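Per-entry structural report
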Amino acid sequence: MSGLYYEEFEVGETIEHERTRTISESDNQRFCDMTMNQQPLHLDAEFADDTQFGERLVNGLYTMSLAVGISIPETTDGTIVANLSYDNVEHPHPVFHGDTIRVQSTVTDKRETSDGERGVVTMHVEAFNQNDELVCEFDRTVLSLKHSHAES
């Protein structure tokens, strides 16, 4: 378990996640298939060639999901009770097959639950491509275990 307990999160701290991921055409295709998203902008090369992007885009929900997954080892791996919300989601720059994504999370808020046994932590998650262009950002709020109340 490598995640942080509630007490270990510090408001203002930015965590640079070590893992990166290069997104393949197969990743995008499988995600679209699993979620039944048949948007031609993600799947149809000829259709996408005639758009302002000139090629297929990676599904934005895949990009967001990947950002969450990349962030888990250094934030909530084994220490989370639940994801409570994802808010203020933005995709300011498109993601293409072959882009390599890196992620950072900044702790923006934390508070104990009313029973004092857990804590609520909010992080602003940002995903960047290999050119350091911001491709996705959102606020993730989690219910976190406190070390003093974790099961041994």
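The structure contained in this document is the topic of the report that follows. (Residues numbered from 1 in each chain as written. Predicted model: local features only at pLDDT ≥ 70, side-chain atom pairs only at ≥ 80, totals over all residues. Heavy atoms only, no water.)

1. Quick look at the nonpolar core
This is how the line gets drawn: Residue types Ala, Val, Leu, Ile, Met, Phe, Trp, Tyr and Cys, when buried and joined through side-chain atoms within 4.5 Å, form a set referred to as a nonpolar core. Buried, partly exposed and exposed residues are distinguished by accessible area as a fraction of the type maximum, computed with a 1.4 Å probe on protein chains only: under 20%, between the cut-offs, and over 50%, respectively. Where helices and strands are cited, they refer to DSSP runs of H or I of at least four residues and of E of at least two residues respectively, numbered from the N terminus. Contacts are assigned to residue pairs with any non-hydrogen atoms lying within 4.5 Å of each other.
Counting residues in hydrophobic clusters, the biggest one holds 25 residues, and the most contacted among them are Ile-23, Ile-101, Val-103, Val-121, Met-123, Ala-127 and Phe-138. Mapped by element, the contributors of at least two residues to this core are helix 4 (60-75), strand 4 (100-112), strand 5 (118-128) and strand 6 (134-145). Examining the composition of this core, we find that six residues originate from one element, helix 4, more than from any other. Not counting residues within four places of it along the chain, the set of residues in contact with Ile-101 comprises Arg-19, Thr-20, Arg-21, Ile-23, Leu-66, Ile-70, Val-95, Ala-127, Phe-128, Asn-129 and Val-135.

2. Observations regarding the packing of aromatic side chains
For the record, the criterion: Ring pairs shown here join Phe, Tyr and Trp side chains whose ring centres sit within 6.5 Å, with only the six-membered ring taken for Trp; geometry is labelled stacked below 30 degrees between planes, edge-to-face above 60, and tilted in between.
What the rule picks out here adds up to two aromatic pairs. Taken together, a centroid distance of 6.1 Å and an interplanar angle of 65 degrees make the contact between Tyr-86 and Phe-138 edge-to-face. One end of the pair, Tyr-86, is in strand 3 (residues 80-90); the other, Phe-138, is in strand 6, and 52 residues separate them in sequence. Judged by relative accessible area, which is 0%, Phe-138 ranks as buried.

3. Thoughts on the side chain of Thr-63
Take Thr-63: it is sitting in helix 4. Residue class for Thr-63 comes out buried when judged on its relative accessible area of 1%. When neighbours within four sequence positions are excluded, Thr-63 is seen to be in contact with Val-58, Val-95, Val-135 and Cys-136.

4. What to know about the pattern of salt bridges
Going by this rule: A pairing counts as a salt bridge when a side-chain nitrogen of Lys or Arg comes within 4 Å of a carboxyl oxygen of Asp or Glu.
Per the counting criterion, the structure on display carries seven salt bridges. Between Lys-146 and Glu-112 there is a salt bridge, with the nearest N and O atoms lying 2.8 Å from each other. Here Lys-146, found in the segment after strand 6, pairs with Glu-112, found in strand 4; they are 34 residues apart in sequence, far enough to count as distant. When its relative accessible area of 43% is taken as the criterion, Glu-112 is described as partly exposed. Through salt bridges with shared partners, a single ionic network connects Glu-16, Arg-102 and Asp-132.

5. Quick word on a negative patch on the surface
Selection rule: Within the patch definition used here, like charges are joined within 9 Å and nonpolar side chains (Val, Leu, Ile, Met, Phe, Trp, Tyr) within 5 Å, considering only residues with over 30% relative accessible area and no salt bridge. Each accessible area value is a Shrake-Rupley result obtained with a 1.4 Å probe; residue values ignore everything except the protein chains displayed when judging cover. In this charge count, Lys and Arg are treated as positive and Asp and Glu as negative; neither His nor the chain ends contribute. A charged residue contributes its charge at one atom only: NZ of Lys, CZ of Arg, CG of Asp or CD of Glu.
A contiguous patch of negative charge on the surface is contributed by Asp-44, Glu-46, Asp-49, Asp-50 and Glu-55. Taking relative accessible area as the criterion, Asp-44 reaches 34% and is therefore assigned partly exposed.

6. Re helix 4
As a reminder of what qualifies: In a helix, the anticipated span is given by 1.5 Å times the number of residues less one. Contacts described as polar in this section are N or O atom pairs within 3.5 Å, which, within protein, must combine one atom able to donate a hydrogen with one able to accept it, while residues neighboring in sequence count only if both atoms come from side chains.
In this model helix 4 runs 22 Å from its N-terminal to its C-terminal C-alpha over 16 residues, within 8% of the 22 Å that 1.5 Å per residue would give. Taken together, the buried positions of helix 4 are Tyr-62, Thr-63, Met-64, Leu-66, Ala-67, Val-68, Ile-70, Ser-71, Pro-73 and Thr-75. The N-capping residue of helix 4, defined by a side-chain oxygen 2.8 Å from the backbone nitrogen of Leu-61, is Asn-59.

7. Focus on the side chain of Thr-106
The topology assignment puts Thr-106 in strand 4. Not counting the four nearest positions on each side in its chain, Thr-106 is found in contact with Gly-12, Glu-13, Thr-14, Thr-122, Met-123 and His-124.

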